[in-house]
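Structural overview for review
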Amino acid sequence: MIKKDRNIGQNRTIDKDAGQHDDCSANMPLYVDLDGTLTPTDTAQEQILDCLFNGRGLVPLIKAAIVLDIPEAKSAASIHAEFRADLLPFCGELIKYIRNAR
């Protein structure tokens, strides 16, 4: 089990017996938090920066930013940004943990 320090996202240890489960839990989906856990980056911020630097989707992004509509700004960024998950820095220990848990 991942133990977290008081600072969110600061992993201390990973249980080396991860993935030891009964047949019932084998069919259960495994959910993993992306931002700050699986990857140390904020993917929404990455997408917003991509839109700003590459000029894609600026109008809807700026409209949402003017009225401080954060969900709309994230939505606009996710639609217009060129998101490449293969370029993200992933937490290697967590990837191993997930593979063992499956």
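The shown structure was predicted, so the numbers you read here are calculated from the model rather than taken from an experiment.

Considering the overall build of the chain
Counting its secondary structure elements, the chain contains 5 helices and 2 strands. Within the chain, buried positions represent 21% of all 102 residues. Sequence-distant contacts in the chain: of pairs separated by 6 or more residues, those separated by 24 or more amount to 61%. For the chain, the computed accessible surface area is about 7700 Å², with 55% contributed by carbon and sulfur atoms.

So, helix H4 (residues 70-80)
Within the span of H4, buried status applies to Ala73, Ala76 and Ala77. Projected down its long axis, H4 carries its buried residues within an arc of 100 degrees, all on one side. Exposed residues lying more than 90 degrees from the buried face of H4 are Pro71 and Ile79.

Quick look at the side chain of Thr37
Looking at where Thr37 falls in the secondary structure, it is placed in the loop between helix H1 (23-26) and helix H2 (43-54). At 2.8 Å, the side chain of Thr37 forms a polar contact with the side chain of Asp33.

Overview of a nonpolar patch on the surface
Nonpolar side chains collect at one region of the surface, where Leu49, Leu52 and Phe53 lie side by side and expose about 340 Å² of accessible area between them. Summarising the element assignment, Phe53 is placed in helix H2. You can call Phe53 exposed: its relative accessible area is 69%.

Overview of the confidence of the model for the chain
Chain-level statistics for the chain give a pLDDT mean of 80 and a share of 75% at 70 or above. Per-element confidence in the chain is highest for H4, whose mean pLDDT is 93, and lowest for strand E1 (residues 3-4), whose mean pLDDT is 44. Note on residues 1-9: pLDDT under 50 across the span, and 19 contacts to partners over four residues away in sequence or across chains.

With respect to the side chain of Thr43
Turning to its location among the elements, Thr43 is positioned in helix H2. At 3.1 Å, the side chain of Thr43 and the side chain of Asp35 are in polar contact. What Thr43 contacts, discounting residues up to four positions off in sequence, is Leu34, Asp35, Phe83 and Leu88.

Topic: the pattern of salt bridges
Scanning all chains against the criterion turns up 3 salt bridges. A salt bridge links Arg56 to Glu82, with the nearest nitrogen and oxygen atoms 3.7 Å apart. Separated by 26 residues along the polypeptide, Arg56 in the loop between H2 and helix H3 (58-66) and Glu82 in the loop between H4 and helix H5 (92-101) bring together distant segments of the chain. You can call Glu82 exposed: its relative accessible area is 56%. Linking Asp86 and Arg84 is a salt bridge whose minimum nitrogen-to-oxygen distance equals 2.6 Å. Among the charged side chains, a network of salt bridges with common partners joins Asp50, Arg56 and Glu82.

Conventions adopted
- Residues numbered from 1 in each chain as written.
- Predicted model: local features only at pLDDT ≥ 70, side-chain atom pairs only at ≥ 80, totals over all residues.
- Heavy atoms only, no water.
- Helix = DSSP H or I, 4+ residues; strand = E, 2+ residues; numbered from the N terminus.
- Buried < 20%, exposed > 50% of the residue type's maximum accessible area, 1.4 Å probe, protein only.
- Contact = heavy atoms within 4.5 Å.
- Areas by Shrake-Rupley, 256 points an atom, 1.4 Å probe, with all protein chains shown as cover.
- Arc of directions from axis to C-beta.
- Polar contact = N/O pair within 3.5 Å; in protein donor to acceptor, adjacent residues only side chain to side chain.
- Patch = residues over 30% accessible without salt bridge, like charges linked within 9 Å, V, L, I, M, F, W, Y side chains within 5 Å.
- Salt bridge = Lys/Arg side-chain N within 4 Å of Asp/Glu carboxyl O.
- pLDDT = per-residue confidence, 0-100.

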